[in-house]
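Spelled out from the first residue to the last, the chains are:
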Amino acid sequence: VPLDATHHPDRQSWVTSANALESEFPIQNLPFGVFRRLGSAESPRVGVAIGECVFDIAVAARLAPQRFTGEAVGTAVAACAHDALNALMALGREPARKLRAAIADALDASDADAEGELAAALVPMTDVKLLLPAHIGDYTDFYASVYHATNVGSMFRPDNALLPNYKYVPIGYHGRASSMVPTDTPVQRPVGQRKGPNDLEPTVGPSRSLDYECEVGVFIGRGNTLGDTIPLTDAEQHMFGLCLVNDWSARDVQAWEYQPLGPFLAKNFATTLSPWVVTMDALEPFRAPAFSRPDGDPAPLPYLSTPENEARGGVNITLEVRLQSSAMRARGEPPEPVSRTSFTHMYWTLAQLVTHHAMGGCNLRAGDLLASGTVSGPTKGERGCMLELTWRGAEPLTLPGGETRAFLEDGDVVELAAWCEAPGARRIGFGTARGVVLAAASS
Ligand code: MN
């Protein structure tokens with residue numbers, strides 16, 4: 001997809017809050033999401049974020065139908081008349097791309113009639129509840145940061161940190177879709193089986209080492225038929241857009257249960273998503289080369305290798321994790337950044353994850369979510385979970401006010417944020433994936 005008018009950095013909107021330089025949702029972004037007006041009993045609705053508002057697509061198409069004409073745009077608008085984005089995602093890249101361009105034209109400041117026609121389609125974000133963007137049929141979580149894999153491996157297997165398959169196979173596991181929750185849903189500390197290295201028997205109780213994982217998720221758009229593969233040259237056409245994922249993890253439960261089949265209850269109690277799906281089209285100015293493999297690493301196997309993927313398979317996203325204790329909240333202090341990293345550190349590109357997932361004929365479906373795995377970089381400040389950041393609790397974090405953290409405590413808020421910047425492009429943001437930790441259920 002070439003850069004087009006939707007990416008032009010000087011473009012402004014008649015929704016003036018979108019023109020503020022710090023806005024995550026300028027006219028160049030237009031991420032899709034699902035919302036409901038607070039206090040209403042209406043069905044969830046599809047909208048796009050613009051500045052501090054949500055633009056209700058169905059209302060806009062009713063108010064100014066002449067702005068949403070053309071076969072592909074009409075099909076896309078019709079697919080938005082649902083309580084989730086699955087139908088729009090299923091259409092593939094082109095209809096959503098044309099709808100995004102039509103919405104950009106409708107919100108453009110240079111159109112003298114647009115505000116009068118369409119102002120009634122705007123809802124202030126303060127007046128809505130943001131919901132999950134899609135009905136997620138299947139969720140898969142990968143392990144695509146070699147820095148994360150090496151750090152975690154060296155804690156659990158000091159002699160054998162990175163297993164020999166890592167540089168050949170994009171490692172992942174099939175996760176749990178039913179417990180995926182939208183931002184601002186409280187997360188209850190799970191109860192589970194834990195057994196420390198010096199315990200004779202496991203005990204049952206609230207996790208003592210609750211953690212977050214900062215990840216990027218890709219929503220599948222057009223799916224593939226069972227038995228068919230997705231060649232790497234086609235993988236991007238099956239990717240609708242990206243969101244942020246907090247893969248909450250109970251490390252003590254994980255350490256006891258993970259062998260030999262991998263994560264299970266340690267990761268199935270809650271997974272928090274950011275509400276806005278930033279389309280692959282909006283991300284076009286921020287594409288980057290795939291990870292540069294150091295000398296001595298094997299080349300990806302042929303089915304995971306194309307010149308296009310190597311040149312532009314990456315996405316330059318900056319990710320930040322912020323933490324706020326209940327004491328900080330009581331003192332009116334904002335969440336404190338504890339790490340900042342880049343999605344360009346990932347060993348595998350999203351397209352490689354999609355292609356690998358389907359190589360045996362597994363059918364991916366519109367609305368499925370593939371998460372990247374914890375996004376960690378080479379330095380300590382770039383570690384995307386507390387397990388790495390505190391080195392399994394050995395090097396606790398210090399928060400403003402002097403509190404320390406080995407792992408999360410009840411009342412802590414974890415907030416993931418992300419944005420993209422590039423020379424000559426307007427900065428765009430992802431919004432946040434946020435959740436507060438609640439005490440375990442009393443038994
Ligand atoms: Mn994970």
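Each chain carries its own residue numbering, running from 1 in the written order of its sequence. Per-residue local features are limited, in this predicted model, to residues with pLDDT of at least 70; the limit for side-chain atom pairs, both in listing and counting, is 80 or more; totals at the level of whole chains, interfaces and linings are taken over all residues. Remark: hydrogens and water are excluded; side-chain values derive from all non-hydrogen atoms of the structure.

**Q** In this structure, what is going on with the overall build of the protein chain? I would like to understand it.
**A** When its secondary structure is counted, the protein chain shows 11 helices and 26 strands. As defined in this context, the radius of gyration uses C-alpha atoms, and a globule is described by 2.2 Å times the residue total to the power 0.38. Radius of gyration (C-alpha) of the protein chain: 22 Å, near the 22 Å computed for a compact globule of 443 residues. With the C-alpha coordinates of the protein chain rotated into their principal frame, the extents come out at 70 × 55 × 40 Å. Note on contacts: a residue pair is in contact if any heavy atoms of the two residues lie within 4.5 Å. At a minimum sequence separation of 6, the contacts of the protein chain that also span at least 24 residues come to 74%. Here the Shrake-Rupley method, with its probe set to 1.4 Å, supplies the accessible areas, and only the displayed protein chains count as covering residues. When the accessible surface of the protein chain is split by element, carbon and sulfur atoms take 54% of a total near 18000 Å². Secondary structure counts use DSSP, requiring at least four H or I residues in a row for a helix and at least two E residues in a row for a strand, with both numbered from the N terminus.

**Q** Would you mind showing me how to read the pattern of salt bridges here?
**A** A pair can form between side chains of opposite charge whenever their charged atoms are brought close. Salt bridges are defined as contacts in which a side-chain nitrogen from Lys or Arg sits within 4 Å of a carboxyl oxygen from Asp or Glu. Tallying each qualifying case throughout the model produces 31 salt bridges. With a shortest N-O distance of 4.0 Å, Asp-4 and Arg-97 are connected by a salt bridge. Here Asp-4 is found in the segment before β1 (32-37), whereas its partner Arg-97 is found in helix α4 (residues 93-106), with 93 residues between them in sequence. Here Arg-11 and Asp-105 are joined by a salt bridge, their closest N and O atoms 2.7 Å apart.

**Q** What is the right way to read the packing of aromatic side chains from this model?
**A** Think of a pair of aromatic rings as described by two things: how far the centres are apart, and how the planes are tilted against each other in angle. Stacked, edge-to-face and tilted are the three classes for Phe, Tyr and Trp ring pairs, Trp counted by its six-membered ring, which pair at centre distances within 6.5 Å; planes under 30 degrees apart are stacked, over 60 edge-to-face, the rest tilted. Tallied over the full model, the rule gives 8 aromatic pairs. An angle of 65 degrees between the planes, with centres 6.2 Å apart, marks the rings of Phe-156 and Tyr-258 as edge-to-face. Taken together, the residues Phe-156 in helix α6 (residues 146-156) and Tyr-258 in the loop between α7 (251-257) and β16 (271-273) connect sequence positions 102 residues apart. On the basis of an interplanar angle of 50 degrees and a centroid distance of 5.8 Å, the ring pair of Tyr-166 and Tyr-347 is categorised as tilted. Placement of the pair is Tyr-166 in the loop between α6 and β7 (172-174) and Tyr-347 in the loop between β21 (336-342) and α10 (350-357), with a sequence separation of 181 residues. Comparing Tyr-166 with Tyr-347, the two get one shared label, buried. When a residue's accessible area, from a 1.4 Å probe over protein chains only, is under 20% of the maximum for its type it is buried; when over 50% it is exposed; and in between it is partly exposed.

**Q** In this structure, what is going on with the pairing of strand β13 (residues 214-220)? I would like to understand it.
**A** On a regular strand, one side chain projects to one face of the sheet and the next to the other, so that they alternate. Most of β13 sits inside the fold, with 7 of its 7 residues counted as buried. Here β13 shows no split at all, with Cys-214, Val-216, Val-218 and Ile-220 on one side and Glu-215, Gly-217 and Phe-219 on the other all buried. The pairing criterion is simple: DSSP has to find at least two bridges between the two strands. Pairing geometry for β13 and strand β14 (residues 239-246), over 7 bridges, is antiparallel. Within β14, the residue paired with Val-216 across the bridge is Leu-244. Sheet topology note: the β13/strand β22 (residues 369-371) ladder contains 3 bridges and is antiparallel. Residue Phe-219 lies in a different strand from β22, and its bridge partner there is Leu-369.

**Q** What should I look at first to understand the state of the cysteines in this one?
**A** Where two cysteines share a covalent bond between their sulfur atoms, that bond is called a disulfide. Defined by distance alone, a disulfide is two cysteine sulfur atoms within 2.5 Å. This model, assessed by the stated rule, comprises 0 disulfides. Considering cysteine sulfurs only, Cys-214 is the nearest to Cys-243, which forms no disulfide, with 11 Å between them. Taking relative accessible area as the criterion, Cys-243 reaches 0% and is therefore assigned buried. Free of any disulfide, Cys-385 has its nearest cysteine sulfur in Cys-214, 9.7 Å distant. You can call Cys-385 buried: its relative accessible area is 0%.

**Q** Please explain unusual backbone geometry as it appears in this structure.
**A** Among all residues except glycine, the phi angle is most often negative; among peptide bonds, the trans geometry is most common. Going from Gln-259 to Pro-260, the amide bond is cis rather than trans, its omega being 10 degrees. If you trace the backbone, Pro-260 turns up in the loop between α7 and β16. We note that Leu-30 has phi near 55 degrees; this positive angle belongs to a residue other than glycine. On the secondary structure map, Leu-30 appears in the segment before β1. At Arg-392, a position not held by glycine, the phi torsion is positive, near 60 degrees. In this fold, Arg-392 is placed in the loop between α11 (386-389) and β23 (397-398).

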